[in-house]
Amino acid sequence: MAKSASPLLDADSRRWTLITAAACVLPLLLQLTPLLGALIAVCGVAIALMAWRRPLHFFVRALLALVLIGAVMMQMNFGLGRDTGCALLAAMLAIKPAETSTLRDARSLIGFALFAPFGTFLLDQGPLSLALGLIAALLALATLQRLAEFESGERVRRLGHWQRLSGIARLIAIGLPLALAAFWLFPRLGTPLWGVPDRSLSRPGLSGSMTPGGWAELMNDETPTLRVRFNGAVPKPSQMYWRGPVLWNFDGREWTQPRWYRGLPAAQTQSGDARWDYEIELEPTDGRQLVALDLPLAPPPDVRLSIDHGLFTARPLTALSRWRLRSAPPLRYQPQLQSVLRQAALDLPEGYNPRTLALAQRWRRELGGNDAALVQRALDWVHREFAYTLDTPLPGRHSVDEFLFDYKAGYCEHFSSSFVVLMRSAGIPARVVTGYAGGYRNPIGDYWLVRRSDAHAWAEVWLPQRGWVRVDPTAAVAPERVYDTLADRAPGANLLGGLTVVTPIFNLGDWARRGWNDFVLGFDANRQQNLLRPLGIDRLDTGRLVALFGVAAGLTLLWMVWLSSRGERERDPVLRAWHAAGRRYRRLGLAREPHEPAQDWSDRVARSRPDLGPALAALSQRFADWRYAVAETGRRDAREKRELIRALRAHRPGPNGEGR
Amino acid sequence: MADRPRPGLRARLRKFARPRDPEPLPALFHRGRVYVLPTGFGLFFATALMSMLLGALNYNNNPALLLALLLSGAGLASLIAAQMQLTGLSVVAIDAEPVAAGQPLRVRVHAKAPPERARRGLRVDDDGDSDAAAPLDLDGGSGEAELSFATRQRGWFELPRLRVWTTRPLGLARAWSYVWPDAPLLVYPAPEPHGPPLPAGSGDQVQSRLHPSGDDVHHLRGYRAGDARRAIAWKPSARRDALLVREYEQPLGADVVLDWRAMPALGYEARIARLARWIDEAERDGRRYRLMLPGQPELGPSSGSPHRHACLRALALLPHG
């Protein structure tokens, strides 16, 4: 085709194009900060309306672009990265309608707009983003179809919306097997080619710090944070402590993870007899610390085990990840404590919590050097006089004093924090361990679900000969709040006045979600290599994978061709056999022409190949009778039909000899 | 036309494409002669999808990967669907009303296809040589497209290789198939624009059997296109507000003899042009005429459309001097 100026769009195509662009940008806008998202959305709509009649002037467009880029950069604090890139993409897509007037513009807009759902998935993989992204993709295809329709000039008989969507659905259905084959078999990258940028919008959850009273929101958040499946032994509810960040440093208000211990090797541990082998599926946190059952034995590949048995990955956990771990309850955990560590575990800020210090010193005088008895006395006191509540006042300067002597009610943050301060005041090395406790067993799928509301903090004290010992003062007060594996804490049980009808639905929903995680989100190079393990193939190396992918792609392509050409195939088996017989004569140069009647053809064959003539003449007579002489014979006998088909199929013209 | 030398890859591709010679009709578009190549937009779309795939693989972002794969799968399916738009279609016949050289020749391409599948947005053009493409609407299994070709000289018209194509369903790929019909299409000689009037009826002047009363009208009838002006009865027409024509038992007038040898002063093509003009004039006047060409049996005397076509055909097919 000679190159000509791209034709101007008609109103309907243009509407489709703009709606598709909007649908593509929508999920991305939802991921931006509300202010920026709203700004870009308003700009986009305004620009599309202004430019409806004629494209905006170049200078206006340039000005708009500069203003929007400036706004985005300011909002993003001039940082470059994934978020800024996504915001800029959204801004560009908002400006593009200013010049969308020709077919070419519309197509490039659609092409670029498809990057928006793609960008959204880099930021968020929640169900809403997935659904919106899918809708956007469907709309994009429908619009491409509309544009092709426009291009081919079919203005009179346009497709209905329903016809268009069903056409698209058909294309997707036909393309789906290839897409799935590619998804499971296309070789994945074990390590990224370029870095994964950090997500700057952080999610609430466990972090490297803890302020007593700061978790109140977290404790009511039912969002799943990890799912666990045990292979073999399952720990008792009282043993289900999921170890996360260990906090050593206390500044009077906030507990933090120290920096100094990063390079130190894991502490010496003697394990008890129990062994728990489990697979953990961690929702993205953007941190680098894994959560593991107390205490993890050995780190998985590329994961570092810190001195206080925290597991640190090489990269931020920005996506769903799965880990196979082994844990055991410790018998003796770091029985020799180096003096530096001992010092760190005794450190308290000067001038805070005088009453706690006085009490600890009084107990120390009474009990002498018996650390274990001191711990026990503290636990007994807590058990006797304290209450569990999520409703706590804001702490003042001496937060521990206020809690221990005034309110005497709080939740795990207060209990663990105060307990550790009390122990340290008495000269017992102690630290706060954060993580999760308990879990909910989903009977559908037989796995354990740990939610954000299971977040927990407990204490570890160091005793001579035994090393670090877990002490949970919260459990001494409200064990049911800690080991909430019981059905009464099942999801949805508190809703609707304790109706447990919701629970099975929740179970099913979470199980489906886990399946999606399992099959789609968590699928990586490692699992791909183990894909054929059930069939006895241990590991798929890249070469095998490529070969497998090639075979599967070829097969699905054939299947696609078959599916799309189904309408083409002759439905009548007699006709099919007849055509096939005609084609067999091609070799002899006597193939039946499409327009040639049966009789003419067999006559023609008889003229040049007298040896084949009679057999073919008889056969074509039979065929013609069967097909056209129904009026005379009056019926179509099934047996007759079968025999005719068989005869036609068996008929093969030999090069020289007799035709059968 | 179609075998005009063209540089570059396109030309070479075209040379390999089937059919390579004119072929008898009907021509069935089987799989082997339907070609599919991505359009410019298809390439852009593929590039966009490739970068999405690469990004998704890098971040091991499975939803993004699935999205890109889904779009790729639908794109590939659209390539197959584009091919399927054409396979099974057959070009059944080609025809055109003969026109004088210089007039556009309107060629109608008749096609049919099994009605099971809707075939939308098909177009026919002359292998991309001109911008003009005619829609081929296959409603209910058969349809036709009308292409217009410029004609330069009398004689058989060499139809270029035609291309039936579509970019449906998504505009990502163009599927096309060539058909090069070996169909005889005739171009008549261009008539002389200005020239002398018809020669007077000569030779044996067979006067038509007139009515005994001489000029008396046998009866009047309504005007039909092509009636001679002198046959119009002006006075009765004026009375009736409609053109009326006197009809005699036999047309009046002597047969016109159009003789090649009678105009020696003219050049070869000029004689043909003048004869073509005279044939049209004689037809317009409703007179019988004979055409005498060297080395050919004489045509006529007769008149009417078949005679006219026979005469013009004979003129068109005179060897080029």
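Look above for the structure.
First things first, this report covers the structure right here in the doc.

Now for the overall build of chain A. Per the secondary structure count, chain A includes 23 helices and 20 strands. Counting only residues that meet the buried cut, chain A has 49% of its 660 residues in that class. For chain A, long-range pairs separated by at least 24 residues make up 73% of all intrachain contacts whose partners lie at least 6 apart in sequence. Accessible surface computed for chain A: about 31800 Å², of which carbon and sulfur atoms make up 59%.

A separate point is the interface of chain A and chain B. Taken together, the contact pairs 65 residues of chain A with 56 residues of chain B. Summed over both partners, the interface of chain A with chain B comes to about 5300 Å²; 69% of that surface belongs to carbon and sulfur atoms. In this structure, the connection of chain A to chain B is made through zero salt bridges. Joining chain A to chain B, the criterion identifies four residue pairs in polar contact (both at pLDDT 80 or more). Of all the elements in the fold, those that place two or more residues in the side of chain A that touches chain B are helix H5 (103-113), helix H6 (115-123), helix H7 (127-151), helix H8 (161-185), helix H16 (502-521) and helix H18 (542-564) of chain A. With 12 residues, the single largest contributor to the side of chain A that touches chain B is H8(A). Counted by class, the side of chain A that touches chain B contains 41 nonpolar, 15 polar and nine charged residues.

Unoccupied space between atoms shows up once a probe the size of one water molecule is rolled over them. Its boundaries defined by the atoms lining it, the second largest pocket holds a volume of some 1700 Å³. A:Arg322, A:Trp323, A:Asp524, A:Asn526 and A:Arg527 are, among the 44 residues lining the second largest pocket, the residues nearest its centre. Going through the elements one at a time, strand S2 (224-231), strand S12 (321-327), H16 and helix H17 (525-529) of chain A together with helix H2 (40-58) of chain B are the ones with two or more residues in the lining of the second largest pocket. Of the residues assigned to the lining of the second largest pocket, the class counts are 20 nonpolar, 12 polar and 12 charged.

A few words on empty space enclosed by the protein. Residue and element names in this part refer to chain A. For the coordinates displayed, the defined rule picks out four cavities of 30 Å³ or more. Size it by volume and the largest cavity reaches roughly 110 Å³. Lining the largest cavity are 13 residues, and of these Pro395, Ser399, Phe403, Tyr407 and His414 sit closest to its centre. If you list the elements that add at least two residues to the lining of the largest cavity, you get helix H12 (399-407) and helix H13 (412-425). No other element matches H12, which puts five residues into the lining of the largest cavity. Residue composition of the lining of the largest cavity, by class: seven nonpolar, five polar and one charged. Roughly 50 Å³ of internal volume is contained in the second largest cavity. Elements supplying a minimum of two residues to the lining of the second largest cavity: H12 and H13.

What follows deals with the pattern of salt bridges. With the rule as written, the count across this model stands at 31 salt bridges over all chains. The partner of A:Arg322 in a salt bridge is A:Glu279, with the nearest N and O atoms 3.5 Å apart. Of this pair, A:Arg322 sits in strand S12 while A:Glu279 sits in strand S7 (residues 276-282), placing them 43 residues apart in sequence. For B:Asp280, the salt bridge identified is with B:Arg308, shortest N-O distance 3.2 Å. A residue pair is termed long-range when its members are at least 10 positions apart, and B:Asp280 in helix H5 (residues 268-285) and B:Arg308 in helix H6 (residues 305-316) qualify at 28 residues. In this structure B:Asp280 comes out as partly exposed when scored by relative accessible area, which is 24%.

Turning to the nonpolar core, a few remarks are in order. Counting residues in hydrophobic clusters, the biggest one holds 86 residues, and the most contacted among them are A:Ile40 and A:Leu141. For this core, the leading source of residues is helix H3 (residues 62-86) of chain B, giving 12 residues. Leaving out residues up to four positions away in the same chain, A:Ile40 has contacts with A:Leu29, A:Leu32, A:Leu68, A:Val72, A:Ala87, A:Ala90, A:Ala91 and A:Ala94. Ranked by size, the runner-up nonpolar core spans 65 residues in total, among them A:Leu218, A:Met240, A:Leu374 and A:Ala478.

Rules and cut-offs
- Once a new chain begins, its residue numbering starts again from 1 and follows that chain's sequence as written.
- Each chain takes a letter, starting from A, and each ligand takes a number, starting from 1, following the order in which they are written.
- Totals for whole chains, interfaces and linings use every residue, but because this is a predicted model, local features are given only for residues with pLDDT of at least 70 and side-chain atom pairs only at 80 or more, for both listing and counting.
- By convention in this description, side-chain values take in all heavy atoms of the structure and omit both hydrogens and water.
- What counts as a helix is a DSSP run of H or I of at least four residues, what counts as a strand is a run of E of at least two, and both are numbered from the N terminus.
- Any residue under 20% of the maximum accessible area for its type is buried, any over 50% is exposed, and the rest in between are partly exposed; the area is computed with a 1.4 Å probe on protein chains only.
- Two residues form a contact once any of their heavy atoms are found within 4.5 Å.
- In short, Shrake-Rupley with a 1.4 Å probe defines the accessible areas, and a residue's cover is counted only from the protein chains shown.
- Summed over both partners, the accessible area (1.4 Å probe) lost when two parts come together is defined as the buried area.
- Salt bridges are defined by distance alone: a side-chain nitrogen of Lys or Arg within 4 Å of a carboxyl oxygen of Asp or Glu.
- Whenever a nitrogen or oxygen atom comes within 3.5 Å of another N or O atom, the pair is scored as a polar contact, on the condition that within protein one atom can donate a hydrogen and the other can accept it, and that pairs from neighbouring residues in sequence are kept only if both atoms are in side chains.
- Each residue gets one label: Ala, Val, Leu, Ile, Met, Phe, Trp, Tyr, Cys and Pro are nonpolar, Asp, Glu, Lys and Arg are charged, and the others, such as Gly, are polar.
- The rule is simple: put a 1 Å grid over the protein atoms alone, call a set of points where a 1.4 Å probe fits but cannot get out a cavity, call an open set with protein on both sides within 12 Å along at least five of seven lines a pocket, and count a residue as lining if it has an atom within 4 Å of a point.
- Grid points are joined across faces, edges and corners, and a volume is the space filled by probe spheres set on the points.
- In these notes, a set of buried Ala, Val, Leu, Ile, Met, Phe, Trp, Tyr and Cys residues joined through side-chain atoms within 4.5 Å is what counts as a nonpolar core.

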